[in-house]
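Architecture and fold: a report
So the chains spell out like this:
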Amino acid sequence: MNPILKAIQKSAIRIKHAIDVKDIGYSQEQNSSGETQLQLDIQSDLIIEEELSQVEGIHTIASEEKELPMLLNENGHYYIAFDPLDGSSLVDVNLSVGSIFGIYEGEFNASKMIASCYVVYGPRVELVFAHEGKVALYLLQAGEFEFVKHIHLNEKGKINAPGGTQQFWAPHHKAMIDSFFARGYRLRYSGGMVPDLHQILLKGGGLFSYPGATDKPEGKLRMLFEVFPFAFIFEVAGGKAVDGHKRVLEKTAAHVHDTSPCFFGSSSEIDEVLSVYAGA
Ligand code: AFP
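Just so you know, these numbers come straight off a predicted model, no measurement behind them. (Residues numbered from 1 in each chain as written. Predicted model: local features only at pLDDT ≥ 70, side-chain atom pairs only at ≥ 80, totals over all residues. Heavy atoms only, no water.)

1. Topic: the overall build of the chain
Across its full length, the chain holds six helices and 15 strands. For 280 residues, the compact-globule estimate of 2.2 N^0.38 gives 19 Å, and the C-alpha radius of gyration of the chain, at 18 Å, lies within 12% of that figure. Structurally, the chain occupies a C-alpha span of about 50 × 40 × 40 Å along its principal axes. Taken over 280 residues, the chain has a buried fraction of 55%. Contacts spanning at least 24 positions in sequence make up 59% of the contacts within the chain whose residues lie at least 6 apart. Here the chain has roughly 12200 Å² of accessible surface; of this, 49% comes from carbon and sulfur atoms. For the chain, the centre of its 24 positive side-chain charges and the centre of its 36 negative side-chain charges are spaced 8 Å apart. (Helix = DSSP H or I, 4+ residues; strand = E, 2+ residues; numbered from the N terminus. Rg over C-alpha atoms; globule rule 2.2 N^0.38 Å. Buried < 20%, exposed > 50% of the residue type's maximum accessible area, 1.4 Å probe, protein only. Contact = heavy atoms within 4.5 Å. Areas by Shrake-Rupley, 256 points an atom, 1.4 Å probe, with all protein chains shown as cover. Lys, Arg positive; Asp, Glu negative; His and termini not counted. Charge placed at Lys NZ, Arg CZ, Asp CG, Glu CD.)

What follows is the structure, encoded as structure tokens:
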């Protein structure tokens, strides 16, 4: 696992450099979901591919920016799915963005996930790594990632981060979100999954939701690249991650780019989501 973490750290330092120096013009290429790729997305994807290719134990990688998984080493046993630069459109407006990694053994299946990691590129660069029952926070200082602390979620938080477009929400979802606000929860939503979930993790709890809605019945966030990695981190930190009805880590992605509705948070908020959705 250590060589994988080291490769992720090296990628993060190179991506941070690319963000700092890069002209952020749009490229002509589209990714498999039809979005126009930013030049930085492509660059970040290539950086991670290059760094992970040097780790012998990795069998296959899958990137949000690539249509299909890529075999690296037939004899390796780790499978890594990554979103190289999530929220990249936010670079234009100078908000935080991130890279997300899910690490599996033997196949891309949530039940085979053994570790998960994300990097936040903000005023500081921070890395969060969940493995063997602990979620560790690292800070990039003078070219090295230094361990800061372990992250634990409280039973309940104060943040409400509701994703998606309100006009398309189901009435029970809207009523639930309104009811959290009516009880004093504060709105914290930048439109970048990595900083939005990072804030909930570091402030001890709350709720992030990206529901299925009439415009996107299966939500927007991709299981392999966004939902499973964060679900793993939230569960290890003592929180929960569900699709409204069950743990997202019990779901299977039929295709690498499949999406799922998702709710991440501390256990009190997620229990409420489950009871609201069960009654809907
Ligand atoms: P991009 O990768 O297209 O920039 O989208 C970012 C993101 O996937 C995720 O980071 C956010 O949580 C989510 O989209 C925000 O979506 P909405 O703007 O629809 O709430």
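2. A closer look at the sheet that holds strand 12 (residues 186–187)
Spatial strand order, 12-11-13-15-14: five strands in an open sheet with mixed pairing. For this open sheet the edge positions go to strand 12 and strand 14 (240–242), each flanked by a neighbour on one side alone. Direction of pairing for strand 13 (residues 206–210) relative to strand 15 (residues 262–265): antiparallel, over a ladder of four bridges. Looking at the pairing, Leu-207 lines up with Gly-265 of strand 15. Running at roughly 155° to strand 13, helix 4 (residues 193–202) makes contact with strand 11 (159–162), strand 13 and strand 15 of the sheet. (Pairing = 2+ DSSP bridges. Axes fitted to C-alpha atoms, helices over the stretch in contact; angles between N-to-C directions.)

3. Looking at the domain arrangement of the chain
Examined at the domain level, the chain breaks down into domain 1 (2–150) and domain 2 (159–278). Relative to domain 2, the C-alpha centre of domain 1 lies at a distance of 21 Å. Contacts between the two partners involve 40 residues from domain 1, matched on the other side by 25 residues from domain 2. Surface buried jointly by domain 1 and domain 2 totals about 2500 Å² across both partners, of which 68% is contributed by carbon and sulfur atoms. Considering only the side of domain 1, the residues that lose the most area to domain 2 are Ile-100, Ala-110 and Tyr-118, jointly responsible for 21% of the buried surface there. Applying the counting rule to domain 1 against domain 2 returns one salt bridge. Note that Arg-222 and Glu-64 form a salt bridge whose closest N and O atoms lie 2.5 Å from each other. Seen at the junction of domain 1 and domain 2, the total is six residue pairs in polar contact (both at pLDDT 80 or more). (Domains from an automatic or database assignment. Buried area = accessible area lost by both parts, 1.4 Å probe. Salt bridge = Lys/Arg side-chain N within 4 Å of Asp/Glu carboxyl O. Polar contact = N/O pair within 3.5 Å; in protein donor to acceptor, adjacent residues only side chain to side chain.)

4. Comments concerning the site of the ligand
Lining the immediate environment of the ligand, one finds 15 residues, of which Asp-86, Tyr-189, Met-193, Tyr-210 and Lys-220 sit closest. Between the ligand and Tyr-189 there is a distance of 2.4 Å, counted from an oxygen atom to a side-chain nitrogen or oxygen. Note that an oxygen atom of the ligand is positioned 2.6 Å from one of the side-chain N or O atoms of Tyr-210. Protein chains shield 81% of the accessible area of the ligand, which is 480 Å² for the free molecule. Among the residues making up the shell around the ligand, the classes are represented as five nonpolar, six polar and four charged. (Near = heavy atom within 4 Å. Nonpolar A, V, L, I, M, F, W, Y, C, P; charged D, E, K, R; others polar.)

5. Re the environment of Gln-166
Looking at where Gln-166 falls in the secondary structure, it is placed in the loop between strand 11 and helix 3 (171–182). Using a relative accessible area of 48% as the deciding quantity, one classes Gln-166 as partly exposed.

6. Structural notes on unusual backbone geometry
Where the residue is not glycine, phi is negative for most of them; where a peptide bond is considered, it is trans in most cases. Of note in the backbone geometry, Asn-94 takes a positive phi value of approximately 60° without being a glycine. Considering the arrangement of structural elements, one finds Asn-94 in the loop between strand 5 (78–86) and strand 6 (97–105). For Glu-132, which is not glycine, the phi torsion reads 50° and is therefore positive. Taking relative accessible area as the criterion, Glu-132 reaches 70% and is therefore assigned exposed.

7. Quick look at the packing of helix 1 (residues 2–21) against helix 2 (residues 39–53)
Direction vectors running N to C along helix 1 and helix 2 enclose 155°, while the axes themselves pass 9 Å from each other. Between helix 1 and helix 2, the crossing angle belongs to the class labelled roughly antiparallel. Between helix 1 and helix 2 lies a crossing whose hand is right-handed. Residue-level inspection shows Ala-7, Lys-10, Ser-11, Arg-14, Ile-15, Ala-18 and Ile-19 of helix 1 in contact with helix 2, the latter providing Leu-40, Gln-43, Ser-44, Ile-47, Ile-48, Glu-50, Glu-51 and Leu-52. Its residues placed into classes, the contact of helix 1 with helix 2 shows eight nonpolar, three polar and four charged. (Parallel < 35°, antiparallel > 145°, perpendicular 65-115°, else oblique. Left-handed = near helix turned anticlockwise from the far one by under 90°.)

8. Here's the deal with the sheet that holds strand 10 (residues 144–150)
Whenever strands of a sheet pair, they do so through backbone hydrogen bonds, lying parallel or antiparallel. One open sheet accounts for eight strands, arranged 4-3-5-6-7-8-9-10; its pairing is mixed. Each edge of the sheet is formed by a strand with only one pairing partner; in this case those strands are strand 4 (70–71) and strand 10. The pairing of strand 5 with strand 6 spans seven bridges and is classified as antiparallel. What sits directly across from Tyr-78, in strand 6, is Glu-105. Sitting on the sheet, helix 1 is in contact with strand 3 (58–63), strand 5, strand 6, strand 7 (113–121), strand 8 (125–131), strand 9 (134–141) and strand 10, with an inclination near 20° to strand 7. Relative to the sheet, helix 4 contacts strand 5, strand 6, strand 7, strand 8, strand 9 and strand 10, its axis offset from that of strand 7 by approximately 105°.

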